[in-house]
Amino acid sequence: MSYNKKEFLLPDSPRSMACYHAKIEEDNTMKLTIHDCNKSIRLHNNLNDPEEIQEAIDKLEVLSLGLFALREHIIKNYRYQLTKNEAI
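If you're wondering where the values come from, they're calculated on a predicted model, not measured in any experiment.

> I would appreciate a short explanation of helix H1 (residues 50-78) in the present structure.
Because the α-helix completes a turn every 3.6 residues, residues three or four places apart line up on one side. For H1, with 29 residues, the first-to-last C-alpha span of 42 Å sits near the 42 Å given by 1.5 Å per residue. The backbone nitrogen of Glu 51 lies 2.8 Å from a side-chain oxygen of the residue at the head of H1, namely Asp 49.

This is the structure:
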């Protein structure tokens, strides 16, 4: 049950190479790598171990909730700057 998905976060932007690479290898190792410019982070779990399966699920859940909360905060507090700058 391998999995391999890569995607640029801003595919149409000439200024950004930000991307993610989500992979489950044949040995059931999960790797999620998020790249942005010169830095990256990697989440890693062995999906042959029941405890690590739950850890992987929990990591992804907390990360997705945190990303959504940050997105909502930016929309609420900074989106007005888009319309202000577009009017200039």
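So, next bit.
> Explain a nonpolar patch on the surface to me, please; I cannot follow it from the model alone.
A cluster of nonpolar side chains, Leu 70, Ile 74 and Tyr 78, forms an exposed patch at the surface whose accessible area comes to about 290 Å². Relative accessible area serves as the criterion here: at 44%, Tyr 78 is assigned to the partly exposed category.

> Is there a simple way to explain the state of the cysteines in this structure?
Chemically, a disulfide is nothing more than a covalent bond linking the sulfur atoms of two cysteines. As enumerated under the stated definition, the model contains 0 disulfides in all. Lacking any disulfide linkage, Cys 19 is separated from the closest cysteine sulfur, that of Cys 37, by 11 Å. The exposed category is assigned to Cys 37, whose relative accessible area is 63%.

Procedures and definitions
- Just so you know, the residues in each chain are numbered from 1, in the order the chain's sequence is written.
- Thresholds applied to this predicted model are a pLDDT of at least 70 for local features of residues and 80 or more for the giving and counting of side-chain atom pairs; totals over whole chains, interfaces and linings are not thresholded and use all residues.
- For side-chain calculations, the full set of non-hydrogen atoms in the structure is used, while hydrogens and water are omitted.
- A run of H or I in DSSP becomes a helix once it reaches four residues, and a run of E becomes a strand once it reaches two; helices and strands are each numbered from the N terminus.
- In this analysis, the expected span of each helix is defined as 1.5 Å times one less than the number of residues it contains.
- Under this definition, polar contacts are N or O atom pairs within 3.5 Å; protein pairs additionally need one hydrogen-donor-capable and one acceptor-capable atom, and for neighbouring residues in sequence, both atoms have to be side-chain atoms.
- Patch building starts from residues that exceed 30% relative accessible area and form no salt bridge, then joins like charges within 9 Å and nonpolar side chains (Val, Leu, Ile, Met, Phe, Trp, Tyr) within 5 Å.
- In short, Shrake-Rupley with a 1.4 Å probe defines the accessible areas, and a residue's cover is counted only from the protein chains shown.
- In the sections that follow, a salt bridge refers to a side-chain nitrogen of Lys or Arg positioned within 4 Å of a carboxyl oxygen of Asp or Glu.
- The rule is simple: take the accessible area with a 1.4 Å probe, protein chains only, and divide by the maximum for that residue type; under 20% is buried, over 50% is exposed, in between is partly exposed.
- Note that a disulfide, as used here, is simply two cysteine sulfur atoms within 2.5 Å.

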